[in-house]
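Architecture and fold: a report
Residues per chain are reported as follows:
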Amino acid sequence: MPPTKYKFNPDSLSFDKVRFGIKALLLRFLAYFLGSVIVAFIYWGIFASFFDSPKEKALKREVEQMTIQYDLIHREMANVEIVLEDLQKTDDNLYRSIFEAEPIPGTLRDGGIGGVNRYDALEGYNNSNLVIETANRLDKIIKKVYVQSKSFDDLIKLAKDKEAMLKSVPAIIPISNKDLTRTASGYGWRIHPIYKISKFHYGMDFTAPLGTDIYATGNGTVVAVLSAQRGLGKHIIINHGFGYSSIYAHLSNFNVRAGQKVQRGEIIGFVGSTGTSVANHLHYEIKLNGVNVDPVNYYFEDLNSMEYERMVEIASKTGQSFD
Ligand SMILES: [Zn+2]
């Protein structure tokens, strides 16, 4: 039943029943409904501007968490940067100076990452700066780590070369020389034993009985086994690489052939007095890049510092060489 309404009729002075049509009823309903919806929207607008929805609250918490995470990452990166810096210093100041290698230029280590803006995908957000700064810092760290690891690869190669070099460079006395008593004459100006004039002596002489073993003083290849009537007589030349070669002269006999590879300490020949020589002895020379150097400085495998001092003293005292 539709609600009953009454209207005062001034003519009859009585209340007449008013009847509503369906259309009027529908219109009234629609008006009420729209009114409620509009009010609801207004309330929602006011509410939303003061309070977050549960979803917004969750997202905001997430952003907060992420910002904290980013801060932690920055702290971690700062630690990594300190460790990296230490590695770089040790690399440049210690390792590279041991192997006489140039330090890595700072521009290479700290060089930026070139090209177009790598971070434009990260732009346009509330926290873009934080994210870009983090990505940038991380990229720099990755670059530094890469440069450092390349540097260590280089150093490993240098160390391997150094090992080979240490085995190759002449470093022992070429004959058994207990108490250094076989040291006969050193490098420098000496009286020639035959011509009796002052002549530069380019090696060291060691007196020893005929047939005494002669050792290769470093790893290398025998490049020449020669027999001369005069001068060096029967002699051997070894190429040690790294610019070094050594000569063993006045031998009675050989124990190697040309082209043979030899190790430090290997017996290559025997003491004699062939060529221009006055007595059984070994004449020993070292050349660095083709230029003679004083062999007294190349016995560091055999001599401690005191023995070295004595060797220098003995070698410098003798006035006459055996040639
Ligand atoms: Zn000599």
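Computed from a predicted model, the values in this text were never measured in an experiment. (Residues numbered from 1 in each chain as written. Predicted model: local features only at pLDDT ≥ 70, side-chain atom pairs only at ≥ 80, totals over all residues. Heavy atoms only, no water.)

Remarks on the pattern of salt bridges
Note on pairing: side chains with opposite charge can pair once their charged atoms come close. In the structure shown here, the tally under the stated rule is seven salt bridges. Residue Asp 52 pairs with Lys 60 through a salt bridge whose shortest N-O separation is 3.4 Å. For the salt bridge of Lys 157 with Asp 161, the shortest nitrogen-to-oxygen distance reads 3.5 Å. Within this pair, Lys 157 and its partner Asp 161 are both found in helix α4 (residues 128-168), separated by four residues, close to a single helical turn. We classify Lys 157 as exposed; its relative accessible area is 55%. Connected via shared salt-bridge partners are Asp 91, Arg 96 and Asp 154. (Salt bridge = Lys/Arg side-chain N within 4 Å of Asp/Glu carboxyl O. Helix = DSSP H or I, 4+ residues; strand = E, 2+ residues; numbered from the N terminus. Buried < 20%, exposed > 50% of the residue type's maximum accessible area, 1.4 Å probe, protein only.)

Points about the packing of helix α2 (residues 54-98) against α4
Running from N to C, α2 and α4 cross one another at 25°; their axes reach a closest spacing of 10 Å. Relative to α4, the element α2 lies roughly parallel. Handedness of the crossing formed by α2 with α4: left-handed. Classifying every residue of the contact of α2 with α4 by side-chain character gives 16 nonpolar, six polar and eight charged. (Axes fitted to C-alpha atoms, helices over the stretch in contact; angles between N-to-C directions. Parallel < 35°, antiparallel > 145°, perpendicular 65-115°, else oblique. Left-handed = near helix turned anticlockwise from the far one by under 90°. Nonpolar A, V, L, I, M, F, W, Y, C, P; charged D, E, K, R; others polar.)

Focus: the packing of aromatic side chains
Inspection of every chain in the model, using the stated rule, returns ten aromatic pairs. With a centroid separation of 5.2 Å and an interplanar angle of 90°, the aromatic rings of Tyr 187 and Phe 200 are classed as edge-to-face. A residue pair is termed long-range when its members are at least 10 positions apart, and Tyr 187 in the loop between β3 (183-185) and β4 (188-191) and Phe 200 in strand β5 (residues 198-201) qualify at 13 residues. Taking the relative accessible area as the measure of exposure, Tyr 187 reaches 21% and is therefore partly exposed. (Phe/Tyr/Trp six-rings, centres within 6.5 Å; stacked < 30°, edge-to-face > 60°.)

With respect to the nonpolar core
Nonpolar side chains in soluble globular proteins tend to end up buried together. Judged by nonpolar contacts, the single largest core of 29 residues is most densely connected at Phe 206, Tyr 248, Ile 268, Leu 282, Tyr 299 and Met 311. Going through the elements one at a time, β6 (204-207), β9 (234-241), β10 (244-249), β13 (267-271), β14 (281-288) and α5 (305-317) are the ones with two or more residues in this core. Here this core gets three residues from one element, more than from any other, and that element is β14. When near neighbours in sequence (up to four residues on either side) are disregarded, Tyr 299 contacts Ala 171, Ile 172, Ile 173, Pro 174, Met 204, Phe 206, Tyr 284 and Met 311. (Core = buried A, V, L, I, M, F, W, Y, C linked by side-chain atoms within 4.5 Å. Contact = heavy atoms within 4.5 Å.)

So, the domain arrangement of the protein
Its domain assignment divides the protein into domain 1 (6-50), domain 2 (54-99) and domain 3 (100-323). Between the C-alpha centres of domain 2 and domain 3 the distance comes to 45 Å. Facing 19 residues of domain 2, the contacting portion of domain 3 comprises 24 residues. With both sides pooled, the region where domain 2 packs onto domain 3 buries about 2100 Å², and carbon together with sulfur makes up 61% of that total. Three residues, His 74, Arg 96 and Phe 99, lead the burial of domain 2 against domain 3; their summed loss comes to 36% of the area buried on that side. Applying the counting criterion to the domain 2 and domain 3 interface returns two salt bridges. Among the ionic pairs, Arg 137 bridges to Glu 81, the shortest N-O distance being 3.0 Å. Inspection of the region where domain 2 meets domain 3 yields nine residue pairs in polar contact (both at pLDDT 80 or more). Residues of the side of domain 2 that touches domain 3, tallied by class, amount to eleven nonpolar, four polar and four charged. (Domains from an automatic or database assignment. Buried area = accessible area lost by both parts, 1.4 Å probe. Polar contact = N/O pair within 3.5 Å; in protein donor to acceptor, adjacent residues only side chain to side chain.)

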